[in-house]
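Geometric and topological summary
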Amino acid sequence: MTSVDARDIAEDLEDVLFTSDQIAERIAQVAAQIDQDYEGREILLVGVLNGAVMVMSDLQRAMRSHVQMDWMAVSSYGAGTQSSGVVRILKDLSQDLKGRHVIVVEDIIDTGLTLSYLMNYLASRGPASLEIMTMFRKPEAARIEVPVKYVGFDIPNSFVVGYGLDYADRYRNLRDVATLKPSIYS
């Protein structure tokens, strides 16, 4: 098996929300919009590990603009599944943001708490512009309003996996995005 599709693990999934083809089509649309918005300017894409790996890879390959990439890893969780309320930077950027056009690339936004902290942190480093691109957003889960310029898809407040989204470090390599059966995670 060269890749994992929803049919390969159907017993773990409830519903397929987006197929790999739908995701690829939407990535191409978002990339074209970013290219248009930043025409003539170089962009620094900042991926948030680990989930944004798939999005970042596909987004930068779909873009015509010159882009550079850097990565951050942040955590707002302790040992369990509930937020500890404290955001920790596990890996910081290696590039200077001063005067740069920065787009933070996320896999998913739910409560917005971690991303709000991250945006304030990055804004303090003096970028020329700072925007967010997320592949998936859960509007019903938002606890804090975070302005997102580029959204792939709005999704229901359900537990989803695939395309970089995981449960217990599994399902990231699922090409589609699907809701996980509650029996798997409860």
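Residues numbered from 1 in each chain as written. Predicted model: local features only at pLDDT ≥ 70, side-chain atom pairs only at ≥ 80, totals over all residues. Heavy atoms only, no water.

The helix and strand inventory of the chain stands at four helices and nine strands. Its helices and strands taken in sequence order, the chain reads β-α-β-α-β-β-β-α-β-β-β-β-α from the N to the C terminus. Expressed as lengths along the three principal axes of its C-alpha atoms, the size of the chain is roughly 50 × 35 × 30 Å. Burial status across the chain gives 45% buried among its 186 residues. (Helix = DSSP H or I, 4+ residues; strand = E, 2+ residues; numbered from the N terminus. Buried < 20%, exposed > 50% of the residue type's maximum accessible area, 1.4 Å probe, protein only.)

Next up on the list: helix α1 (residues 20-37). Taking 1.5 Å of rise per residue, 18 residues should cover 26 Å, and α1 covers 26 Å from first to last C-alpha, within 8% of that figure. Among the residues of α1, those classed as buried are S20, I23, I27, V30, A31, I34 and D35. Buried residues of α1, viewed axially, fall in a sector of 140 degrees; they line one side. Within α1, the exposed residues directed more than 90 degrees away from the buried face are D21, E25 and Q36. (Expected span 1.5 Å × (residues − 1). Arc of directions from axis to C-beta.)

We now examine the layout of surface pockets. Estimates place the volume of the second largest pocket at around 230 Å³. Taken together, 14 residues line the second largest pocket, and the ones lying closest to its centre are S20, I23, D58, Y163 and R175. Those elements that place two or more of their residues in the lining of the second largest pocket are α1 and α2 (53-62). For the lining of the second largest pocket, the element with the most residues is α1, which contributes five residues. (1 Å grid on protein atoms, 1.4 Å probe; cavity = no way out; pocket = protein on both sides within 12 Å on 5 of 7 lines; lining within 4 Å. Points joined across faces, edges and corners; volume = space filled by probe spheres on them.)

Right, let's talk about the environment of Q68 for a bit. Examined against the element boundaries, Q68 turns out to sit in strand β3 (residues 67-77). For the pair Q68 and E25, spaced 43 residues apart in sequence, the C-alpha separation works out to 22 Å. Residue contacts for Q68: discarding those within four places in its chain leaves E42, I43, L44, L45, Q95 and R100. A polar side-chain atom of Q68 sits 2.4 Å from a polar atom in the side chain of R100. (Contact = heavy atoms within 4.5 Å. Polar contact = N/O pair within 3.5 Å; in protein donor to acceptor, adjacent residues only side chain to side chain.)

Keep in mind that these numbers describe shape and distance, not what the molecule does.
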